[in-house]
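Fold and geometry: a report
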Amino acid sequence: MYLGIDLGTSSVKLLLVDEQQQAVDEHAVALAVTRPQPLWSEQDPEAWWSATCTAAAALRARRPGEMARVAAIGLAGQMHGATLLDARDRVLRPAILWNDGRSAAQCRELERREPRTRAITGNRAMPGFTAPKLLWVAQHEPDVFRAVARVLLPKDFLRLKLSGDAASDMSDAAGTLWLDVAARSWSPEMLAATDLPDSAMPRLYEGSEPTGQVRDAVADAWGLRRGVIVAAGAGDNAAGAVGAGVIHPGDALLSLGTSGVYFVAGDRFAPNPERAVHAFCHCLPVSWHQMSVLLSAASCLAWVAGVTGAASEGALLDEITAAARDPRVIFLPYLSGERTPHDDPDAKGVLFGLSHATTRADLGRAVLEGVAFAFVDAQDALLAAGTTIGTVSVIGGGARSALWGRILASALDRPLLHHAGAERGPAFGAARLARLAVTGEDPARVCTPPAADRTSTPDAALRALYGERVELYRRLYRELRPSFVALAG
């Protein structure tokens, strides 16, 4: 039995997986994000651990026998978050999250201090990454910065609580801007650019390697046996890819979670920072990946459902499907700014084309299409880097919608595979990495694609419509860009 833990932005999920790679049970606990100022996005790391323990207690209550047979735990989690600890491993301030946009000035300063930033890391400095956040803390909270003894990524804070080990994996570490991504090691130059010593960094492992064992006190509280292995794990996107079997060059993944990700596996380091494409390590040895990132995806659907008073996101999707009409409304999904291809923390969400006839269903469909158009930009950025895209799998909560799948396939002009249990992606991938840490099996034999339960194919009429509408979508961003800057002050 293996336990996958996925520390997301909106919840932490624990998934029990058996030796036949079947999901036995799962439990999720919601998390809250605080936004004390414009562009800020923070969470309390201790709340992550509390929620994880609550989920573990629920699984123990329902599945005591299975929990007692767990051999290893794998960790997946939201990337880039700056979790700052003092010399006694006490949390110094709320963690600054991946979708926090406060450090744009520090990104410019980082690249000024180290002109080879993009060559070393394969990525341009963006506010979402970890390193610029530390420059912001040094400038605005100098007392906190002086007390920093350790910087951990979100899932690795859970590891510290679980096993007492300060460790991370290559895929998550690649999103910090402190990693030499080609060499798969911490970069002395990038650490020097942020005035941090090597000792502040966790030890690095491949995602399928063990990093330690669960503490006895935690094992007793969770109903585990003593000596359970903790695997290095992965950033949420790489873990989702392992869960979907996206490990061979050209295999691709579309993730419809809080954020949106277009992920393509590769066997070499292939950066394209000028188009805001990320070049990261994969979580398996001698493998890398490219990734386009949208800061808001399924979270846009949650937003429009909330502001329009829909009973739920599912109810709104049913309403959109029943309406079955073209609203002629354009949505820019930049509710948290945007990464690929704009690298623009000041970008804002926009609904364009409203009239007295516009309905809630029209707004909902515009949101689905706007996110799809953002994925078109993401795909174009990958193709411009010379990326070969093969089979594309879809994971995440948004993957459950047949309507959204058809819209995405038509906008991207390619079929999309939907796998059974796709919404479990990162947690399932973490459980697979836990298994590999114990058994040492060939990843290609374990990390196979789950059975596809359906395929979304392009609709000819929608494909023709979206070909024209994407250009209007892009023109709106270009023309509104000065207004976004002015609004940000």
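Note: the structure precedes this text.
Residues numbered from 1 in each chain as written. Predicted model: local features only at pLDDT ≥ 70, side-chain atom pairs only at ≥ 80, totals over all residues. Heavy atoms only, no water.

**Describing helix α18 (residues 460-488)**
As a reminder of what qualifies: The numbering of helices and of strands both runs from the N terminus, where a helix is a DSSP run of H or I of at least 4 residues and a strand a run of E of at least 2. Helix span is expected to be 1.5 Å times the residue number reduced by one. The angle separating two fitted axes, one through the seven residues that finish at a residue and one through the seven that start at it, defines the bend at that residue. Each residue is assigned to one of three classes by its accessible area relative to the maximum for its type, calculated with a 1.4 Å probe on protein chains only: buried under 20%, partly exposed between the two thresholds, exposed over 50%. Residue contacts are counted whenever heavy atoms from the two residues lie within 4.5 Å of one another. A 3.5 Å cut-off defines polar contacts: any pair of N or O atoms within that distance qualifies, except that in protein one atom must be a possible hydrogen donor and the other a possible acceptor, and neighbouring residues in sequence count only when both atoms are side-chain atoms.
Taking 1.5 Å per residue, 29 residues should reach 42 Å; α18 reaches 40 Å between its end C-alpha atoms and fits that length. The largest bend in α18 amounts to roughly 45° and is located at L480, with the proline P482 lying one to four residues further along. Listed as buried for α18 are L462, Y466, R469, V470, Y473, R474, L476, Y477 and F484. For α18, the secondary structure elements touched by its buried residues are β20 (330-332), β21 (350-352), α14 (360-384) and α15 (402-412). Backbone nitrogen of A461 and a side-chain oxygen of the N-cap are separated by 3.0 Å at the start of α18; the cap is D459. Where α18 terminates, the next one or two residues include G489, which has phi positive at roughly 80°.

**A word on the side chain of D6**
Rule in force here: The sign given to each residue is positive for Lys and Arg and negative for Asp and Glu; His and the chain ends receive no count. Salt bridge, as applied in this entry: a Lys or Arg side-chain nitrogen positioned within 4 Å of an Asp or Glu carboxyl oxygen.
The topology assignment puts D6 in strand β1 (residues 2-7). Despite being buried, D6 has no salt bridge partner; K13 is the closest side chain of opposite charge, sitting 5.9 Å away. Look past the residues within four positions of D6 in its chain and what remains in contact with it is S11, V12, K13, A76, G77, D236, P426 and A427.

**Some details on the packing of aromatic side chains**
Operational definition: What counts as a ring pair is set by centres within 6.5 Å for rings of Phe, Tyr and Trp (its six-membered ring), and what kind of pair is set by the plane angle: stacked under 30 degrees, edge-to-face over 60, tilted for all other angles.
Counting across every chain of the model gives 10 aromatic pairs. With 6.4 Å between their ring centres and 55° between their planes, Y334 and Y473 make a pair best called tilted. In this pair, Y334 sits in the loop between β20 and β21 while Y473 sits in helix α18, placing the two residues 139 residues apart along the sequence. An identical accessibility class is assigned to Y334 and Y473; each is buried. Between F373 and Y473, the aromatic rings sit 5.6 Å apart at their centres with planes inclined by 75°, giving edge-to-face as the arrangement. A residue pair is termed long-range when its members are at least 10 positions apart, and F373 in helix α14 and Y473 in helix α18 qualify at 100 residues.

**Some details on the sheet that holds strand β16 (residues 252-256)**
Convention followed: A strand pair is defined by DSSP finding two or more bridges across the two strands. Structural elements are reduced to axes, namely lines fitted to C-alpha atoms, with helices fitted over the stretch in contact, and the angle between N-to-C directions of any two is expressed from 0 to 180 degrees.
The mixed open sheet is built from seven strands, whose spatial order is β18-β19-β17-β16-β22-β23-β24. With one partner strand each, in any of the chains shown, β18 (278-281) and β24 (452-456) form the two edges of the open sheet. Within this sheet the neighbouring strands show an average axis-to-axis angle of 30°, counted without direction. Relative to strand β19 (residues 288-294), strand β17 (residues 260-266) runs antiparallel, the two sharing seven bridges. Opposite A265, over in β19, you have H289 as the bridge partner. On the sheet, α15 packs against β16, β17, β23 (416-419) and β24 and is oriented at approximately 155° with respect to β23.

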